[in-house]
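Per-entry structural report
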Amino acid sequence: MGITVVALGGNAILQKGEKGTAEDQLRNIRKTAAQLAGLIEEGYSLVITHGNGPQVGNIMIQNEAGRDKVPQMPMDICGAQSQGMIGYMLQMCLRNALKQVGLNIPISTVVTQTLVDKHDPAFSHPTKPVGPFYSKEWAQERMEFHGESWIEDAGRGWRRVVPSPDPKAIIETPSIKSLVDQGHIVICSGGGGIPVIELEDGSLAGVEAVIEKDLSAEILATSIKADSLIILTDVNGAALNYTGSGETWLEEVTMSQLVRYYNESHFFEGSMRPKVKAIMRFIEHGGRLAVIACLDKAREAALGQTGTRIVAG
Ligand code: ADP
Ligand code: MG
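None of these values were measured; they are calculated from a predicted model.

We now examine helix 2 (residues 53–65). With 13 residues, helix 2 ought to run about 18 Å at 1.5 Å a step, and its terminal C-alpha atoms sit 18 Å apart, in line with that. Those residues of helix 2 that sit buried are Gln55, Val56, Gly57, Ile59, Met60, Asn63 and Glu64. The secondary structure elements touched by the buried residues of helix 2 are helix 1 (22–41), helix 3 (75–100), strand 5 (128–134) and helix 4 (136–146).

This is how it looks when you write it as C-alpha cells:
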C-alpha cells in the first residue's frame, strides 16, 4: 500500500471559535486520532503533518506578555515549541486510539527544519499574518524600531506579516525515512517545518517566516517517496467559484484541468491555493494519488473515493 502522508488542517486541533485550552485541543485531537487509527488499522503506513497557526500565535502572545520577566524567543524557536506541543498531544492520543483497537505501533515526533532559499522573493514581500491584532501605535513602534512589517486589517487592527517562502527540502528526511522503514508512525514537519536558510559556510540558521504546511507536506511526501498525499481540512475539496454563484466542487480532475483552474484564480491565496499547488506538484513529482478532503472523510480520501483528487496515469 506504500507510505501515505496525511496533512492535518487547523480544524484537526482546534475548531472555529474555541479558545485553545488544553481540553479543547485534546478533545479535537482525540477525534482526529480515531480517524487516523482507522487508516492505520487498514494497513496504511502514515506520516502525519499538521498546521500550527493558532498554537504558535498563542506562544507568541505568551512571549510578548512575559517579555519583562523572561527572554523573548524568535519565531523559529516558537515554531519548534509548537511542534513539540502538538506532536506530544498527537502521539499520546494516537497511541491511546491504537490501543483501543489492539494495535501497538511506535509513534515518533520529529522536530523538523525546512530549508528555504535565502534569495526567495517572498523575503522582500512579507504576506503571511501572524499573531494577534494590535493598535496602530504598537505596529508603528515595531516597524520603526524592530524592522518588522505590519498591515492594517480593516476594522480589526494591525497585524504583523512575515514572508512565506517556498519550501525546498526537509532537513530531517533521512531520519523520517529510517523511522518509517522501521514501521514507525511519524509526526513531523509541523506548521510546515521551522524555516531555515543555508549560510555561505553551509551552516543552517532559523529565519522569521512561515511556510505553508501543505507545500512542505508535498516536499516531505516526494522526498520519502510516498504513494499518496492526503490533505485533510474543513471542506471536502476545492471548488470553482467558491461561495459564489455557480459554485462547483471538484472531484476527480486531470492535471491539465487543475492547472487551468489554478491559473483562473479559483483558489484563495493562503488557504486553498497552496493545497491545490501541493497536490499538483506531488503528481508531477511521481506521486500516485493526491487528495484534498474533509477531515471526517479520511478513509474514503485515502481510497481516492472523495474530495478533489488527481490520480497519476
Ligand atoms: P487548513 O488549516 O486546513 O490549512 P485553510 O483555512 O488554510 O485550512 O484552508 C481551507 C479553507 O480554504 C476552507 O475553509 C475555505 O474557506 C478556503 N477556500 C478558499 N478557496 C477555496 C476554494 N476554491 N474551494 C474550497 N475552499 C476554499
Ligand atoms: Mg492552511
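Past the structure itself, the notes keep going.
The computed volume of the second largest pocket comes to approximately 430 Å³. Those elements that place two or more of their residues in the lining of the second largest pocket are strand 5 and helix 8 (272–284). A per-element tally of the lining of the second largest pocket places helix 8 first, with three residues. Among the residues making up the lining of the second largest pocket, the classes are represented as seven nonpolar, four polar and seven charged.

To continue, consider the packing of aromatic side chains. The final tally for this structure, using the stated rule, is four aromatic pairs. With a centroid separation of 5.0 Å and 10 degrees between ring planes, the pair formed by tyrosine 134 and tryptophan 138 is classed as stacked. Overall, tyrosine 134 belongs to the partly exposed group, its relative accessible area being 22%. Seen in terms of ring centroids, tyrosine 242 and phenylalanine 268 are 5.8 Å apart; in terms of plane orientation they differ by 75 degrees. Their pairing is edge-to-face. Residue tyrosine 242 is found in the loop between strand 13 (239–240) and strand 14 (248–249), and its partner phenylalanine 268 is found in the loop between helix 7 (255–263) and helix 8; the two are separated by 26 residues along the sequence.

This part is about the sheet that holds strand 10 (residues 194–198). Strand order in the open sheet made by the four strands is 8-4-10-11, with mixed pairing throughout. Both edges of this open sheet fall to strand 8 (167–170) and strand 11 (204–206), since each of them pairs with a single strand only. On average, each strand axis in the sheet is inclined to that of its neighbour by 40 degrees, with strand direction left out of account. The pairing of strand 10 with strand 11 spans three bridges and is classified as antiparallel. Bridge pairing in strand 11 places glutamate 198 opposite leucine 204. In the packing of helix 6 (residues 213–223) onto the sheet, the strands contacted are strand 4 (113–116) and strand 8, and the crossing angle to strand 8 comes to about 45 degrees.

Here is what the cut-offs are and how they apply
Residues numbered from 1 in each chain as written. Chains lettered and ligands numbered in written order. Predicted model: local features only at pLDDT ≥ 70, side-chain atom pairs only at ≥ 80, totals over all residues. Heavy atoms only, no water. Helix = DSSP H or I, 4+ residues; strand = E, 2+ residues; numbered from the N terminus. Expected span 1.5 Å × (residues − 1). Buried < 20%, exposed > 50% of the residue type's maximum accessible area, 1.4 Å probe, protein only. Contact = heavy atoms within 4.5 Å. 1 Å grid on protein atoms, 1.4 Å probe; cavity = no way out; pocket = protein on both sides within 12 Å on 5 of 7 lines; lining within 4 Å. Points joined across faces, edges and corners; volume = space filled by probe spheres on them. Nonpolar A, V, L, I, M, F, W, Y, C, P; charged D, E, K, R; others polar. Phe/Tyr/Trp six-rings, centres within 6.5 Å; stacked < 30°, edge-to-face > 60°. Pairing = 2+ DSSP bridges. Axes fitted to C-alpha atoms, helices over the stretch in contact; angles between N-to-C directions.

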